[in-house]
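Now for the letters of each chain:
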Amino acid sequence: MATTRTWQQQHARMIRVHQRATSARDVTIQVEDDFYAFFVWCFHLKDWVKNDSSVPAAIQDAAETLVDTADPLKLCADLANGIKHLRADRRPRVD
């Protein structure tokens, strides 16, 4: 049975991993993994918005623009790219 996936599910996933990471009392490998996951999920939320057919096209386009213009999201993009590829292999969005 196919389950419809939505950007809201990705958003909820991002919030859960953020809560786990920021509520940790000690720095462990799991907490480090949660912080990495947060930046990846945060950056890729825009892809979920862009690929969710229930989202109007103007909002889908605005998601990409927001990631390219908002400093916190540009930083998420740079961190996610570096995590994904071991090193940043694209021109950074933030110096």
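Attention in this report is confined to the structure presented alongside it. (Residues numbered from 1 in each chain as written. Predicted model: local features only at pLDDT ≥ 70, side-chain atom pairs only at ≥ 80, totals over all residues. Heavy atoms only, no water.)

## A few points about the packing of aromatic side chains
Reasoning step 1: Under the criterion given, the structure shown has one aromatic pair.
Reasoning step 2: Ring centres of F38 and F39 lie 5.4 Å apart, and the angle between their planes is 70°; on these two criteria the pair is classed as edge-to-face.
Reasoning step 3: Judged by relative accessible area, F38 falls into the buried class, the value being 14%.
Reasoning step 4: On the basis of relative accessible area, F39 is assigned to the partly exposed category, the value being 23%.
Reasoning step 5: The positively charged end of R13 is found above the aromatic ring belonging to W41, 5.6 Å away from the centroid. (Phe/Tyr/Trp six-rings, centres within 6.5 Å; stacked < 30°, edge-to-face > 60°. Buried < 20%, exposed > 50% of the residue type's maximum accessible area, 1.4 Å probe, protein only. Lys NZ or Arg CZ within 6 Å of the ring centre and 35° of its normal.)

## Considerations on helix α2 (residues 29-51)
Reasoning step 1: Here α2 contains 23 residues, and its C-alpha end-to-end distance of 32 Å stays within 8% of the 33 Å for a straight helix at 1.5 Å per residue.
Reasoning step 2: Helix geometry: α2 is bent most strongly at H44, by close to 30°.
Reasoning step 3: Taken together, the buried positions of α2 are V31, D34, F38, C42, F43, L45, K46 and V49. (Helix = DSSP H or I, 4+ residues; strand = E, 2+ residues; numbered from the N terminus. Expected span 1.5 Å × (residues − 1). Bend = angle between axes of the 7 residues up to and from the residue.)

## Details of the side chain of K46
Reasoning step 1: By the element assignment, K46 lies in helix α2.
Reasoning step 2: Engagement of the side chain of K46 in a polar contact is seen with the side chain of D47, the distance being 3.0 Å.
Reasoning step 3: Non-local contacts of K46, meaning those with residues more than four positions away in its chain, are made with A63, E64 and V67. (Polar contact = N/O pair within 3.5 Å; in protein donor to acceptor, adjacent residues only side chain to side chain. Contact = heavy atoms within 4.5 Å.)

None of this, on its own, says anything about what the molecule does.
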